Amino acid sequence: MPFIKVAITVACYLITLFLMPPLTAVFGMHAGPVQVIVTESLMLLAVLILNRLYIKQHIRLLPTNTMSELRKNGVPLELTIIVLLIFFRNHLNQFLISLLLSLIVAITEEYTFRGIIFTTLLSRCLKQFTTMRATIAAMIAAMIAAALIFAAMHLTNLLSQPVWSVFCQVLYVIGLGLLLAAIYLTTGNLLGAIGVHWLIDFSSFYSQGVNSAPSVINGPVEALLKGLFLDALFIGIATFILISKRWKLLHILDNENKIG
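Cut-offs applied
- Residues numbered from 1 in each chain as written.
- Predicted model: local features only at pLDDT ≥ 70, side-chain atom pairs only at ≥ 80, totals over all residues.
- Heavy atoms only, no water.
- Axes fitted to C-alpha atoms, helices over the stretch in contact; angles between N-to-C directions.
- Helix = DSSP H or I, 4+ residues; strand = E, 2+ residues; numbered from the N terminus.
- Left-handed = near helix turned anticlockwise from the far one by under 90°.
- Contact = heavy atoms within 4.5 Å.
- Phe/Tyr/Trp six-rings, centres within 6.5 Å; stacked < 30°, edge-to-face > 60°.
- Buried < 20%, exposed > 50% of the residue type's maximum accessible area, 1.4 Å probe, protein only.
- Lys NZ or Arg CZ within 6 Å of the ring centre and 35° of its normal.
- Core = buried A, V, L, I, M, F, W, Y, C linked by side-chain atoms within 4.5 Å.
- Salt bridge = Lys/Arg side-chain N within 4 Å of Asp/Glu carboxyl O.
- Expected span 1.5 Å × (residues − 1).
- Bend = angle between axes of the 7 residues up to and from the residue.
- Parallel < 35°, antiparallel > 145°, perpendicular 65-115°, else oblique.
- Nonpolar A, V, L, I, M, F, W, Y, C, P; charged D, E, K, R; others polar.
- UniProt positions renumbered as here; feature names shortened; annotations may be inferred.
- Patch = residues over 30% accessible without salt bridge, like charges linked within 9 Å, V, L, I, M, F, W, Y side chains within 5 Å.
- Areas by Shrake-Rupley, 256 points an atom, 1.4 Å probe, with all protein chains shown as cover.

The protein carries the name PlnI in an unreviewed UniProt entry, which gives Lactiplantibacillus pentosus MP-10 as its organism.

With that out of the way, let us pick up the packing of helix H6 (residues 163-187) against helix H7 (residues 191-208). In contact at an axis separation of 8 Å, H6 and H7 are set at 145° when each is read in the N-to-C sense. The interaxial crossing formed by H6 with H7 has right-handed handedness. Contacts between H6 and H7 involve Leu176, Leu180 and Ile183 from the former and Gly192, Ala193, Val196, His197 and Ile200 from the latter.

For the structure shown, the criterion picks out 8 aromatic pairs. Centre to centre, the rings of Phe113 and Phe150 are 5.1 Å apart; their planes meet at 55°, and the pair counts as tilted. Pair noted here: Phe113 is in helix H4 (residues 92-128) and Phe150 is in helix H5 (residues 132-153), with a separation of 37 residues, a long-range link. On the accessibility criterion, Phe113 (1% relative accessible area) is buried. The lysine or arginine in question, Arg114, covers the ring of Phe150, its NZ or CZ lying 4.3 Å from the ring centre.

Membership of the largest hydrophobic core comes to 57 residues, with the highest contact counts inside it found for Ile117, Phe118, Leu122, Met143, Leu185 and Leu249. Residue assignment for this core shows that the elements contributing at least two residues are helix H1 (2-26), helix H2 (33-55), H4, H5, H6, H7, helix H8 (220-242) and helix H9 (248-259). With sequence-adjacent residues up to four places away left out, Met143 is seen in contact with Phe118, Leu178, Ala181, Ala182, Leu185 and Leu242.

A few words on the pattern of salt bridges. This model, assessed by the stated rule, comprises 1 salt bridge. Of the charged contacts, one joins Glu110 and Arg114 as a salt bridge, the two residues approaching to 2.7 Å between their closest N and O atoms. With a gap of 4 residues between them, Glu110 and Arg114 both fall in helix H4, about one helical turn apart.

With that settled, consider H8. For H8, built from 23 residues, the straight-helix expectation of 33 Å at 1.5 Å per residue is met to within 8% by its first-to-last C-alpha distance of 32 Å. Within H8 the residues assigned to the buried category are Ala223, Gly227, Leu230, Asp231, Phe234, Ala238, Ile241 and Leu242. Against the buried residues of H8 lie H5, H6 and H7.

It is worth spelling out H1 at this point. Between the first and last C-alpha of H1 there are 37 Å, a value that for 25 residues agrees with the 36 Å anticipated at 1.5 Å per step. Most pronounced at Met20, the bend in H1 amounts to some 35°, and the proline Pro21 follows within four residues. Turning to H1, its buried residues number three or more, namely Pro2, Val6, Thr9, Val10, Cys12, Tyr13, Thr16, Met20 and Thr24. Those residues of H1 hidden inside the fold are in contact with H2, H4 and H5. Following H1 by one or two positions, Gly28 adopts a phi angle in the positive range, close to 85°.

Moving on, we come to the packing of H5 against H6. Put simply, H5 and H6 touch, their axes get as near as 8 Å, and they point 135° apart. Relative to H6, the element H5 is oriented oblique. At the point where H5 passes H6, the crossing takes the right-handed sense. Contacts from Met139, Met143, Ile144, Ala147, Leu148, Phe150 and Ala151 of H5 reach H6 at Val170, Val173, Ile174, Leu176, Gly177, Leu178, Ala181, Ala182 and Leu185. Of the residues in the contact of H5 with H6, the class split is 15 nonpolar, 1 polar and no charged.

So, about the UniProt feature "transmembrane region" (unreviewed entry) in the protein. Annotation from UniProt places "transmembrane region" (unreviewed entry) at residues 7-28, 34-54, 75-92, 98-122, 134-156, 162-183, 190-208 and 223-243. Across residues 98-122, the secondary structure splits into 100% helix and 0% strand, with the terminal C-alpha atoms separated by 33 Å. Structurally, residues 190-208 comprises 95% helix and 0% strand, and the distance from its first C-alpha atom to its last is 27 Å.

Our focus in this paragraph is the environment of Leu62. Inspection of the secondary structure puts Leu62 in the loop between H2 and helix H3 (66-87). For Leu62 and Gly192, which are 130 residues apart along the polypeptide, the C-alpha to C-alpha distance reads 8.8 Å.

Of note in this structure, Lys56 is not a glycine but carries a positive phi near 55°. Mapping Lys56 onto the fold places it in the loop between H2 and H3. Classification of Lys56 by relative accessible area gives exposed; the value is 63%. With phi around 60°, Lys245 is a residue other than glycine that occupies positive phi space. When you line up the elements, Lys245 lands in the loop between H8 and H9.

Next up on the list: a nonpolar patch on the surface. A contiguous nonpolar surface patch, about 730 Å² in accessible area, is contributed by Met1, Ile4, Ile8, Leu42, Leu45, Ile49, Leu53 and Tyr54. Looking at the nonpolar patch, the elements with two or more residues in it are H1 and H2. Per-element accounting of the nonpolar patch gives the leading share, 5 residues, to H2. By the secondary structure assignment, Tyr54 is in helix H2. For Tyr54, a relative accessible area of 32% gives the class partly exposed.

Have a look at this one:
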């Protein structure tokens, strides 16, 4: 059953991804940031409805003490926003579009791949294994499976981007998926993973310019080296996070299984 739920979630994601561009084109939205924002928003809505009606996976978007943290860090947050607006004032339009685009992509993908897919696989592992060693092995397997699914979804970029650019993406997205899962495991909510995902995507969107063509990677060697370097970097950080053994999500899911 968990694997069926994962397959249905992936199918829902892909169907929405492929249906939205032609549908938005009917309403005059051509390829560009606005179309991507609308597509990602509707994809998020689709997986939200799917999760509510069928998957029924409890998603922890924010920490339990969110309001307390906001009150505590409200002033630094406001100052950070003001500094960013001043720093990017000469390219404010590009900054705001990149900000919105990267944020909706980060929320949609984290909700889908970490919130639903990874958590569904991890919950099944906890129900199936009782010893700590088996649980850790199953946890790592769930992380790898979710990361591979996450990376495979980027193969859809072959429709609009050069093959070697997509090859590089798929390579480093595997490591990125492991890193984001490690952050989710440690914090017990998706906020940290969304934040890291947003930061990486924002830097890419803003540096490239939302209206410019994606950077072309010249050949397989450059793509391989760049992908392997980023992979090693992300996996190294993920390993550092995991060895702390502060797996908050694991304890939350374990308690839920015992109560259930």
